[in-house]
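Read off the chains here:
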Amino acid sequence: MSKAPVRVTVSGAAGQIGYALLFRIASGQMLGADQPVILQLLEIPDEKAQKALKGVMMELEDCAFPLLADMSAHGDPMTAFKDVDYALLVGARPRGPGMERRDLLSANAQIFTAQGKALNAVASRAVKTLVVGNPANTNAYIAMKSAPDLPAKNFTAMLRLDHNRALSQLAAKTGKPVGEIEKVCVWGNHSPTMYADYRFATVGGQSVKDLINDDVWNRDVFLPTVGKRGAAIIEARGLSSAASAANAAIDHMRDWALGTNGRWVSMGIPSDGSYGIPAETMFGFPVTCAGGEYQLVRDLPIDAFSQERINKTLAELEEEKAGVQHLL
Ligand SMILES: NC(=O)c1ccc[n+]([C@@H]2O[C@H](COP(=O)([O-])OP(=O)(O)OC[C@H]3O[C@@H](n4cnc5c(N)ncnc54)[C@H](O)[C@@H]3O)[C@@H](O)[C@H]2O)c1
Ligand SMILES: O=C(O)C[C@H](O)C(=O)O
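Source: prediction; values computed, not measured. (Residues numbered from 1 in each chain as written. Chains lettered and ligands numbered in written order. Predicted model: local features only at pLDDT ≥ 70, side-chain atom pairs only at ≥ 80, totals over all residues. Heavy atoms only, no water.)

Q: Which residues make up the packing of helix α1 (residues 16-26) against helix α2 (residues 47-62), and what values do they have?
A: Relative to each other, α1 and α2 sit at 30 degrees, their axes nearing to 11 Å. Helix-helix and strand crossings are classified by hand; for α1 and α2 the assignment is right-handed. Residues Y19, L22, F23 and A26 of α1 form the contact with α2, whose own contacting residues are V56, E59 and L60. Residues of the contact of α1 with α2, tallied by class, amount to 6 nonpolar, no polar and 1 charged. (Axes fitted to C-alpha atoms, helices over the stretch in contact; angles between N-to-C directions. Helix = DSSP H or I, 4+ residues; strand = E, 2+ residues; numbered from the N terminus. Left-handed = near helix turned anticlockwise from the far one by under 90°. Contact = heavy atoms within 4.5 Å. Nonpolar A, V, L, I, M, F, W, Y, C, P; charged D, E, K, R; others polar.)

Shown next as structure tokens:
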């Protein structure tokens, strides 16, 4: 018997990430080739944005995706999030050349307060929420705090793009296939302070750290390359990353919903106090996923270098959090 459709809301649906994301969701790449979806697409209630959204929906229609059971356009989060099972909060102002993420904080914070409240009021009580819009960790924290009737664990932030960027850099450095590298993780904030950690990584049973054996490369090349990759793409494209961001969102939601078979992935999740990260801080951690839930990878040893990096990214998140307290 075919599965009942699930409801997926995407905000910022007429934006550049939205354009790279919706067709993949509707084709089954996010929730599986046997899972019909109903797309509830949210854009600002502005004539131009709503018209652009209509155009994207016409294209979705023209793909004749068998899994696309229905779709609707919305300008109000209260209707867009009604009964939603999966919410991808993409809509926000992106960073332009020369801008830092913290410049976006106040511009975007209000969006996530309103959307958190709407999720609280009308979403499925099991809704899985991924925040992509920057600053993603703090926006996810704001949405979570604005939705007190939903479990905090239902709110996550996207660290997967950093995770995938780290994997590709490690594959290039070691000359090994990217798909064979395991146990990489990214700690902290989706920002240049994130700490991409390959101390536990293996490839074909070999330690990646031993293979590379170069702490200077780690500190001076690898970490800055992964951390500043977003800015490098803005510099090259004149626009922030879109296809790779959409790809990371698909990876994040697919793994959360369908599981990782024991593989580690990185997700921004509300801390339970582990690794000395204050409870509720929306922090990138290594996790595995099974049965529709993520589980933190616990009790990893943290050496002095790693602790210093984790402290730095935590301090940035605490500062961002302090900057939005008045909104919560
Ligand atoms: N976490 C990550 O790894 C990551 C990666 C890339 C981009 N991003 C972020 O994702 C966000 C979207 O990027 P983009 O390139 O698609 O931007 P974009 O400007 O192309 O599209 C954003 C869309 O969101 C819409 N929007 C704005 N406010 C909204 C609201 N309140 N409700 C609904 N829709 C709203 C806009 O009208 C626009 O169509 C940005 O914040 C960007 O910085 C995050
Ligand atoms: O860096 C940005 O502003 C966009 C995005 O977060 C990225 O990492 O590519």
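Q: Explain the site of ligand 2 to me, using residue names and the numbers behind them.
A: Near ligand 2, the surroundings consist of 10 residues, among which R95, N134, R165, H190 and S241 are the closest. Between ligand 2 and N134, the relevant distance is 2.8 Å, taken from an oxygen atom to a side-chain nitrogen or oxygen of the residue. Starting from 260 Å² of accessible surface for ligand 2 in isolation, the protein chains cover 94%. Taken together, the elements giving at least two residues each to the shell around ligand 2 come down to α6 (160-174) and α9 (229-237). Of the residues that constitute the shell around ligand 2, the class distribution is 2 nonpolar, 5 polar and 3 charged. Per-domain counts for the shell around ligand 2 show at least three residues from each of domain 1 (6-157) and domain 2 (159-327). (Near = heavy atom within 4 Å. Polar contact = N/O pair within 3.5 Å; in protein donor to acceptor, adjacent residues only side chain to side chain. Areas by Shrake-Rupley, 256 points an atom, 1.4 Å probe, with all protein chains shown as cover. Domains from an automatic or database assignment.)

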